[in-house]
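Architecture and fold: a report
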Amino acid sequence: MLISLLRIFVTALISLIGLTVITFAISLQSSIPLHDYQSHSVFVQYFEYLGYLFQANWGTSNITGSDVLSEFLKHFPATLELLLFALLIVFICGISLGIVAAKNRGTWIDNSVMGATLVGYSMPIFWWGLLLVLFFSLFLGIFPVAGRIDYQYYIEPISRFMLVDTLIGNHSYGLSAFFNALNHLILPAITLSWVPMAIMARMTRSALVNILKFEYVRTARSKGLSENRIIWVHALRNALQSLLTIGGLQISILMTGIIITEHIFAWPGVGNWLLRSVARQDYPSIQGGILALSFMVIIFNVFIDIISNFLDPKKRRPLA
Amino acid sequence: MSFVSEKKSSHTKLLLLSFLACLIGCQPSISVDSKTGSNLLVYCSEGSPVSLNPQTNTSGTTVDATAPTLFNQLLDYIPGTTELRPSIATEWSINEKGTIYRFTLRDDIAFHSNEHFSPSRHLNADDVIFSYNRQRLANHPLHNLNGNSYPYFNGQGLAKLIKRIEKTGQYQVEIELTRPESPFLSILATPFLPIQSKEYADTLMKKNQLELYDKNPIGTGPFQYLAYEADSYLRFKRFDKHFAFQSSVEHLVYSITPDPAMRFARFSAGECDIMRYPLPVHNKLAAQDNTIETIQTPALNVAYWGFNTQKPPLNEPKVRQALNFAVNRKAIARAVYDNQAILAEGPLGPSSWAYAISQDKIIYNPEKARQLLQEAGYGEGFNLDIWAMPVQRAYNPNARKMAEMIQQDLLEIGITSNIVSYQWGTFLNRVAAGQHQTVLLGWSADNADPDNFLTPLLSCAASNNGSNYSRWCHTEFDNIILKARQESDIEKRKLYYQQAQKILHFEKPWLPIAHTPNNLLIKNTVKDVNLSPLGTINFEGVTIISKEDAF
């Protein structure tokens, strides 16, 4: 157990070193050095760079003159809000669609769910997002086109999570601000979650179909348990562990998708900030943004690895 | 449902449920009477401003965010035109030699206030001197604030041009120049030279919070700063004590939407009242909708095909003339500009007061081009590089396509060509270094003076430092534009510029291609929004009327 944990941490550490080498290289592109390095040797400067990172000094943007870390933290809540909402959709809808398909395998329901997810799987999200806007916002008019909240609401940023700020903030709009913010969240979240949701649905289906072939399921059936009970109580519990791992892996897909989604929906998160920095050749900000996003993906993967290690004894191999 | 078995119906229920789950919260939104009220104006802008002080950044986005709202200059342009009018300065005089400018300021101009500062006095000469000296003097306490630089001030060489600035009375300022410079007033009227509060700087300095000076700006403009969230919005509140204008709009919000398709979608859905930088296709859609108005101003910009006159065979005027006859610009106007630009006859467009209507316009005549090439001794043709700028600009929406069209046209007169492109930064550096043979580029003026086109683009001084990409240096032309720059009588200047344009017409360091108008889409409920020929939007006196009144 300890050894396999160690292995996870060592792998993560190697990834982190690789990551910081890359971001350090990016920071060297900046016309003004990111920090006042003492040494002239690039090799030593790298370690000084690491030192600054640990002191939470990520440099200042050479375009806007603002602190990179605080700029990141300013944009991150918007991203996290969208990400969590999308993740919720991925799990709830992905798993339910998978269950429906598995229960009806071979029927038209199964085929249409699988067909739809295949389409979802292969949909470029920048196009999908525009299509959703065209239909739901411009044609039906039920969702706003972009942004986090209508402009007649002026919500002071406190936690910078719009849903939270509309609830805790000192304003006179009541709950309508909250629902307005929620309404703004739906289209971007659907756009962002589409691909991972399709993957999730297909994975759930294949995991369930696999499990439903086992002897113990047949036993359960012969005991006269209802199909619903078999799926929800017996099969799903066993499928859950692999689904959790797969679900965790969707985070990296969501992370890449979020940059495009934020651009489309004018969502003021990290992705938009990164794109703007790239367009302005703002290397300190690019460095910081990539560092933070990749760092989170790595940490999250470590987390998932540990959980699946606990759940699945087979993965606890000793060092070869 | 009778034909559906019990089992099936539970499946259908599950299916429905999971779809419902997919559309969590899909219920129609809490309805808000209208997306934007009568006292709220939402402007869909194209990006986040780099800074809230236009002294420190010349990008159009920064200027649009600050110039029409926060600040005023000594003088400015009459909305929608390039004519000067008094603003902070009520009157001014220039001495005989054209080197000393005396300004009399209004005495009733109030500054904005915020949680860090409430002004105790009106704007006076100290603020004017403070605002210019901050940019001019390297030892000024605010000069290096937040690592700022002053690209416009330095680009115009104002630090060298201005010899001294002096207060000659509470509301009197005198500026002495090292040499006569007739575009000087036009320069002072640009949005890059706002007058800011000295008292605010003093207050912040005492509190040791000077870094807030440009982040929480204080100005004198018709709207005051409320909040800015990068990538999201900029909020302004009407400034009730503005000295000249009073808008009926209480809140002004810049909704930052970088993607043009989404910007148009937001505009169509009523999430904003004004849309910046519509694409040609949006203009077409807008023309079919009677609730949308298009504001169009003839623009002070030009797209051109520049010839590197230091490289043979382009050093030959005959060859350059031939290339001028060889290109079908009408086809370019149709294919690249969607017929939304006017063909250029020279660097200056018809909106400039110095525009000279030439007798012989540039026409497409491949026959004549072949003949000229023959005369120049290149009858058998040659090979040419066309460098096409890799980015989209208002004056050139698609340089690549333009290059391909020119390539086809050149084949007809026996010239084969290659299209060259690099990443934008590299492209500009290489062109500045003169590595190109011909280049498709353009220019947007930053002040309305005709000199703003001729000196940076075609003077000898600019032929080596970069922005004269034709590297064309013509002594007679250079003398004429220098004389014009030092002359203050506008009629005499017009004559000089006519001579200069005549020389250009013969020498052809470029093929001028097009002037593209500036566009803005607005809802017909919004009145009195202007767009200057320099491309800056103007909100002073903007009003919103009810939908019923709009028809």
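Residues numbered from 1 in each chain as written. Chains lettered and ligands numbered in written order. Predicted model: local features only at pLDDT ≥ 70, side-chain atom pairs only at ≥ 80, totals over all residues. Heavy atoms only, no water.

Moving on: the domain arrangement of chain B. All names here are of chain B. By domain assignment, chain B separates into domain 1 (1–47 + 222–297 + 518–551), domain 2 (72–210) and domain 3 (301–515). Listed per partner, the contact involves 6 residues of domain 1 and 7 residues of domain 3. Surface buried jointly by domain 1 and domain 3 totals about 570 Å² across both partners, of which 51% is contributed by carbon and sulfur atoms. Together, Pro280, Lys284 and Leu534 form the three largest contributors to the area buried by domain 1 at its contact with domain 3, with a combined 64%. Linking domain 1 with domain 3 are 1 salt bridge, by the criterion used here. Note that Asp338 and Lys284 form a salt bridge whose closest N and O atoms lie 3.3 Å from each other. Taken together, domain 1 and domain 3 are joined by 2 residue pairs in polar contact (both at pLDDT 80 or more). For the side of domain 1 that touches domain 3, the element with the most residues is helix H9 (residues 280–287), which contributes 3 residues. (Domains from an automatic or database assignment. Contact = heavy atoms within 4.5 Å. Buried area = accessible area lost by both parts, 1.4 Å probe. Salt bridge = Lys/Arg side-chain N within 4 Å of Asp/Glu carboxyl O. Polar contact = N/O pair within 3.5 Å; in protein donor to acceptor, adjacent residues only side chain to side chain. Helix = DSSP H or I, 4+ residues; strand = E, 2+ residues; numbered from the N terminus.)

Moving on to the state of the cysteines. Residues and elements named next belong to chain B. According to the stated counting rule, one finds 2 disulfides over all chains in the structure shown. Here Cys44 is linked by a disulfide to Cys272, with a sulfur-sulfur distance of 2.2 Å. With the S-S dihedral at roughly -95°, the linkage between Cys44 and Cys272 falls on the left-handed side. Placement of the pair is Cys44 in strand S1 (residues 40–45) and Cys272 in the loop between helix H8 (260–268) and strand S11 (274–276), with a sequence separation of 228 residues. Across the pair, exposure class does not vary: Cys44 and Cys272 are buried alike. Put simply, Cys460 and Cys473 are joined by a disulfide, and their sulfur atoms are 1.9 Å apart. Disulfide Cys460 to Cys473: torsion about the S-S bond roughly 95°, handedness right-handed. (Disulfide = S-S within 2.5 Å. Buried < 20%, exposed > 50% of the residue type's maximum accessible area, 1.4 Å probe, protein only.)

Structural remark: α-helix, 3.6 residues per turn; residues separated by three or four positions point the same way. Helix length check: helix H1 (residues 2–28) of chain A, at 27 residues, gives a terminal C-alpha distance of 39 Å against a target of 39 Å (1.5 Å per residue), a fit within 8%. Where H1(A) is buried, its residues touch helix H2 (42–54) and helix H11 (283–311) of chain A. (Expected span 1.5 Å × (residues − 1).)

Right, let's get into the pattern of salt bridges. Residues and elements named next belong to chain B. On inspection of all chains with the given rule, the structure shows 32 salt bridges over all chains. Ionic pairing is found between Arg121 and Asp127, a salt bridge with its closest N-O pair at 2.8 Å. Ionic contacts of the salt-bridge type, sharing partners, join the residues Arg102, Lys163, Arg164, Glu166, Glu174 and Glu176 into one network.

The next point concerns the sheet that holds strand S9 (residues 233–238) of chain B. Residues and elements named next belong to chain B. The sheet built from 7 strands is open, its strands ordered S8-S9-S10-S1-S11-S19-S12 with mixed pairing. What marks the edges here is a single partner per strand, and that holds for strand S8 (223–229) and strand S12 (292–297). Ignoring strand direction, the axes of neighbouring strands in this sheet form an average angle of 20°. Pairing between S9 and strand S10 (residues 251–256): 5 bridges, direction antiparallel. Looking at the pairing, Tyr233 lines up with Ser255 of S10. Against the sheet, H8 makes contact with S1, S10, S11, S12 and strand S19 (518–523), and its axis sits at roughly 170° relative to S11, the strand it touches most. Against the sheet, H9 engages S11, S12 and S19, with an angle of about 40° to S19. (Pairing = 2+ DSSP bridges. Axes fitted to C-alpha atoms, helices over the stretch in contact; angles between N-to-C directions.)

Each aromatic ring pair is characterised by the separation of its centres together with the angle its planes make. Inspection of every chain in the model, using the stated rule, returns 33 aromatic pairs over all chains. Residues A:Tyr37 and A:Tyr52 carry aromatic rings whose centres are separated by 6.3 Å and whose planes lie at 65° to one another, so their mutual orientation is edge-to-face. Pair noted here: A:Tyr37 is in the loop between H1 and H2 and A:Tyr52 is in helix H2, with a separation of 15 residues, a long-range link. Plain terms: the ring middles of B:Tyr378 and B:Phe382 are 5.5 Å apart, the flat faces sit at 75° to each other, and that makes the pair edge-to-face. Cluster of aromatic residues (ring-pair linked, three or more members): A:Phe24, A:Tyr37, A:Phe43, A:Tyr46, A:Phe47, A:Tyr49 and A:Tyr52. The lysine or arginine in question, A:Arg202, covers the ring of A:Tyr121, its NZ or CZ lying 5.9 Å from the ring centre. (Phe/Tyr/Trp six-rings, centres within 6.5 Å; stacked < 30°, edge-to-face > 60°. Lys NZ or Arg CZ within 6 Å of the ring centre and 35° of its normal.)

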